[in-house]
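Residues per chain, in single letters:
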Amino acid sequence: MRHILYLLLSTAPLYAGTGESHGPLELFWKGFNILLFLGIVYWIGKKPIGEAFNNFFKSLTEKIENSEKELEKAKTELQKAKEELEKAKVRADESVALAQESAKAEIEKAKQHAEEIALRIKEKAKETLEIELKKAKQELALYGMLKAEEVAREMLKDTFKNAEMQRRYIEKQLKTLEEKKNA
């Protein structure tokens, strides 16, 4: 086969002509040479070029399949991330609501405690005020009695300085003693 190919290639330029006229025979040989060249290139390069194209095609299809797999994986991960985000939002909302409820409960508890303390302080102040008022009344009454006794003594002293008054008092006392004696 190689010998035939060599013979055709070596004799083809002889029939191609000198290049001055373009007759039908010359055109035939030029076309034949081109077809022969293309046939040889095809025959020699068929396997490596086919393999190269097959490898290139396989490489492209593998890359596309890998890209599709990665895209599906990314979509799945994105979906999972969205679900996790939603779950996190729900947990955050629940935590905020729980914190608000706890805060409200603590505020209520603190208010109630403060009101109880204020009530106790009020009651204690009322008791203390009543005790102090009672003490003040007793002291005032004692002071009033002492002052009244002092004023009464002064009045009696002034009254008994008068001799007529002393005589009337003694007579009245004697009369009272006689009545008691007779009774």
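Residues numbered from 1 in each chain as written. Predicted model: local features only at pLDDT ≥ 70, side-chain atom pairs only at ≥ 80, totals over all residues. Heavy atoms only, no water.

## Side note on a nonpolar patch on the surface
Phase 1 of the analysis: Together, Ile 34, Leu 35, Phe 37, Leu 38 and Val 41 make up a nonpolar patch on the protein surface, roughly 520 Å² of accessible area in all.
Phase 2 of the analysis: Structurally, Leu 35 can be placed in helix H2 (residues 24-160). (Patch = residues over 30% accessible without salt bridge, like charges linked within 9 Å, V, L, I, M, F, W, Y side chains within 5 Å. Areas by Shrake-Rupley, 256 points an atom, 1.4 Å probe, with all protein chains shown as cover. Salt bridge = Lys/Arg side-chain N within 4 Å of Asp/Glu carboxyl O. Helix = DSSP H or I, 4+ residues; strand = E, 2+ residues; numbered from the N terminus.)

## Notes on the confidence of the model for the chain
Phase 1 of the analysis: Overall, the predicted model of the chain reaches an average pLDDT of 84, with 89% of residues at or above 70.
Phase 2 of the analysis: Looking over the chain, one finds the lowest element-wise mean pLDDT in helix H1 (residues 2-15), namely 50, and the highest in H2, namely 89. (pLDDT = per-residue confidence, 0-100.)

## Looking at helix H3 (residues 163-182)
Phase 1 of the analysis: Relative to the 28 Å expected for 20 residues at 1.5 Å per residue, H3 spans 29 Å between its end C-alpha atoms, a close match to the ideal helical length.
Phase 2 of the analysis: Little of H3 sits inside the fold, with zero of its 20 residues counted as buried. (Expected span 1.5 Å × (residues − 1). Buried < 20%, exposed > 50% of the residue type's maximum accessible area, 1.4 Å probe, protein only.)

## Observations concerning the packing of aromatic side chains
Phase 1 of the analysis: For the coordinates displayed, the defined rule picks out three aromatic pairs.
Phase 2 of the analysis: Taking the centre distance of 5.3 Å and the plane angle of 70° together, the rings of Phe 28 and Trp 29 count as edge-to-face.
Phase 3 of the analysis: With a centroid separation of 5.1 Å and 90° between ring planes, the pair formed by Trp 29 and Phe 32 is classed as edge-to-face. One end of the pair is Trp 29 and the other is Phe 32, both in helix H2 and three residues apart, which spans about a single turn.
Phase 4 of the analysis: Members of the aromatic cluster, each reached through a chain of ring pairs, are Phe 28, Trp 29 and Phe 32. (Phe/Tyr/Trp six-rings, centres within 6.5 Å; stacked < 30°, edge-to-face > 60°.)

## Describing the pattern of salt bridges
Phase 1 of the analysis: Evaluated as defined, the whole model comprises six salt bridges.
Phase 2 of the analysis: Between Arg 167 and Glu 164 there is a salt bridge, and its shortest N-O distance comes to 2.5 Å. Taken together, the positions of Arg 167 and Glu 164, both in helix H3 and three residues apart, correspond to about one turn of that helix.
Phase 3 of the analysis: It is possible to trace a salt-bridge network through shared partners that takes in Glu 164, Arg 167 and Glu 171.

## A closer look at a negative patch on the surface
Phase 1 of the analysis: There is a patch of like negative charges on the surface, built from Glu 62, Glu 65, Glu 68 and Glu 72.
Phase 2 of the analysis: Looking at the element boundaries, Glu 62 is found in helix H2.
Phase 3 of the analysis: Residue classification places Glu 62 among the partly exposed positions, given a relative accessible area of 47%. (Lys, Arg positive; Asp, Glu negative; His and termini not counted. Charge placed at Lys NZ, Arg CZ, Asp CG, Glu CD.)

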